[in-house]
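Letter by letter, the chains look like this.
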Amino acid sequence: MHDPSRRLPGERLFSLLLVALSLFLFYEATKISGFEGLSAPGSFPMFATGSMVITAVIVALQTVRLPESDEHGWRAILPGFVIFMAVMMIFYALALKPVGFLPTSFVFLLISTKVMMRSSLAKAALISALSLALVYVVFRLIFSVLMPEGIVPEREIIAGMRSILSGGGQ
């Protein structure tokens, strides 16, 4: 297990790159509308990237001050769990369009939750289903964000539910 009071190989470089990326994104955000006012289109991106700059600098300063860790090699930089999650994200991205948002996201959440929490399959399924339901309601129903439909006929299900709720299903 990694000792958080010591710096892993690559952490100093990563934290400094994070500061540089945050500064670049802040600069790009200022080009949206400049400093015209709080309600200007660029105000939220500037706030978000400004927060990124501040937190990245804090993390970089803390990281640079830490002594080097005794851990070396690829396992210290890229643990097996990180590789596993990267492979999971690749499969998720590849399956999203043909299979659809709902089943792909459920399987991704189920496997990720099971592995990360080391919980029972039933508990992981419940957490995944509740999380997916919340995300679906917020993004699909409230904000009307279109997500890949795939094998689940979402439009027909939503139309049927709206018909029943409006009294047209009698």
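Small disclaimer: the values here were computed from a predicted structure and weren't measured.

S.K.: Whenever I open this one, the overall build of the chain confuses me. Can you help?
M.R.: Across its full length, the chain carries 7 helices and 0 strands. The globule rule puts the C-alpha radius of gyration for 170 residues at 15 Å, and the 22 Å found for the chain is more than 25% above it. Considered along the principal axes of its C-alpha atoms, the chain spans approximately 70 × 50 × 25 Å. In the chain, which comprises 170 residues, the proportion classed as buried is 26%. Residue pairs at least 24 apart in sequence account for 54% of intrachain contacts in the chain once pairs closer than 6 positions are excluded.

S.K.: Would you mind going over the pattern of salt bridges with me for this structure?
M.R.: Counted by the stated rule, this structure contains 5 salt bridges. Among the ionic pairs, Arg12 bridges to Glu68, the shortest N-O distance being 3.7 Å. Taken together, the residues Arg12 in helix α1 (residues 11-33) and Glu68 in the loop between α2 (43-65) and α3 (74-77) connect sequence positions 56 residues apart. For Glu68, a relative accessible area of 36% corresponds to the partly exposed category. A cluster of three or more residues bridged by salt bridges with shared partners is formed by Arg7, Arg12 and Glu68.

S.K.: It is not clear to me how the domain arrangement of the chain should be interpreted in this structure. Could you clarify?
M.R.: Interfaces are often sized by the amount of accessible area the parts lose when they come together. The domains assigned to the chain are domain 1 (11-76) and domain 2 (80-165). The C-alpha-based centres of domain 1 and domain 2 are spaced at 30 Å.

S.K.: Teacher, can you tell me more about the environment of Pro98 here?
M.R.: Note that Pro98 resides in helix α4 (residues 80-99). For Pro98, a relative accessible area of 54% corresponds to the exposed category. When the C-alpha atoms of Pro98 and Gly150 are compared, they prove to be 5.3 Å apart, with 52 residues separating the residues in sequence. With sequence-adjacent residues up to four places away left out, Pro98 is seen in contact with Gly150 and Ile151.

S.K.: In this structure, what is going on with the environment of Val152? I would like to understand it.
M.R.: In this structure, Val152 sits in the loop between α6 (121-142) and α7 (154-165). Counting along the chain gives 51 residues from Val152 to Phe101, while the straight-line C-alpha distance between them is 8.7 Å. In contact with Val152, not counting residues within four places along its chain, are Leu102, Pro103 and Ile157.

About the cut-offs
Residues numbered from 1 in each chain as written. Predicted model: local features only at pLDDT ≥ 70, side-chain atom pairs only at ≥ 80, totals over all residues. Heavy atoms only, no water. Helix = DSSP H or I, 4+ residues; strand = E, 2+ residues; numbered from the N terminus. Rg over C-alpha atoms; globule rule 2.2 N^0.38 Å. Buried < 20%, exposed > 50% of the residue type's maximum accessible area, 1.4 Å probe, protein only. Contact = heavy atoms within 4.5 Å. Salt bridge = Lys/Arg side-chain N within 4 Å of Asp/Glu carboxyl O. Domains from an automatic or database assignment.

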